[in-house]
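# Coordinate analysis (summary)
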Amino acid sequence: MAILIDPPTWPAHGTTFSHLVSDVSHEELHDFAERAKISRRAFDHDHYDVPAHLYDALVELGATPVRSRELVQRLIASGLRRRKHLRTSQKIDQHHEHGGAGAHAQ
């Protein structure tokens, strides 16, 4: 298992958050999150955002603590990284493919 977690340093909603990723597959990540009882709503395209109070429990469950930089490097190397600007353009492309506003008639 290669579930990775970075330190809870990302501020939001009155707390700090960690990123939880897999460098093997999204299936592995979702399975781990389900065992940890993390809501699927916390999944953001290639990672789960998890609040600081869950950090120790996730490490105890088997997540490997790594620095944020290593987490991103390993996610990129795995081919599972979905960059934010690509996610946005993919949504736009899908919208146009399905005849959304602004789609060009063929």
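Scroll up to find the structure this text is about.
Worth saying up front: this structure is predicted, and the values here are computed from it rather than measured. (Residues numbered from 1 in each chain as written. Predicted model: local features only at pLDDT ≥ 70, side-chain atom pairs only at ≥ 80, totals over all residues. Heavy atoms only, no water.)

## Examining the pattern of salt bridges
- Scanning the model with the defined rule gives 2 salt bridges in all.
- R74 is the partner of E70 in a salt bridge, and the nearest nitrogen-oxygen pair spans 3.1 Å. Here R74 and E70 lie together in helix α3 (residues 68-78), a separation of 4 residues that amounts to about one turn.
- On the accessibility criterion, E70 (32% relative accessible area) is partly exposed.
- One salt-bridge network, in which partners are shared between bridges, spans D23, E70 and R74. (Salt bridge = Lys/Arg side-chain N within 4 Å of Asp/Glu carboxyl O. Helix = DSSP H or I, 4+ residues; strand = E, 2+ residues; numbered from the N terminus. Buried < 20%, exposed > 50% of the residue type's maximum accessible area, 1.4 Å probe, protein only.)

## Quick look at the environment of H30
- The residue H30 is located in helix α1 (residues 26-35) in this model.
- Remark: the alpha-carbon pair of H30 and F43, spanning 13 residues in sequence, is separated by 8.6 Å.
- The contacts of H30, once residues within four sequence positions are left out, are R40, F43 and Y48. (Contact = heavy atoms within 4.5 Å.)

## Here's the deal with α1
- Turning to α1, its buried residues are E28, L29, H30, F32 and A33.
- At its buried positions, α1 is contacted by β1 (3-5), β3 (15-22), β4 (48-51) and α2 (55-61).
- One or two residues past the end of α1 sits K37, with phi positive at roughly 60°.

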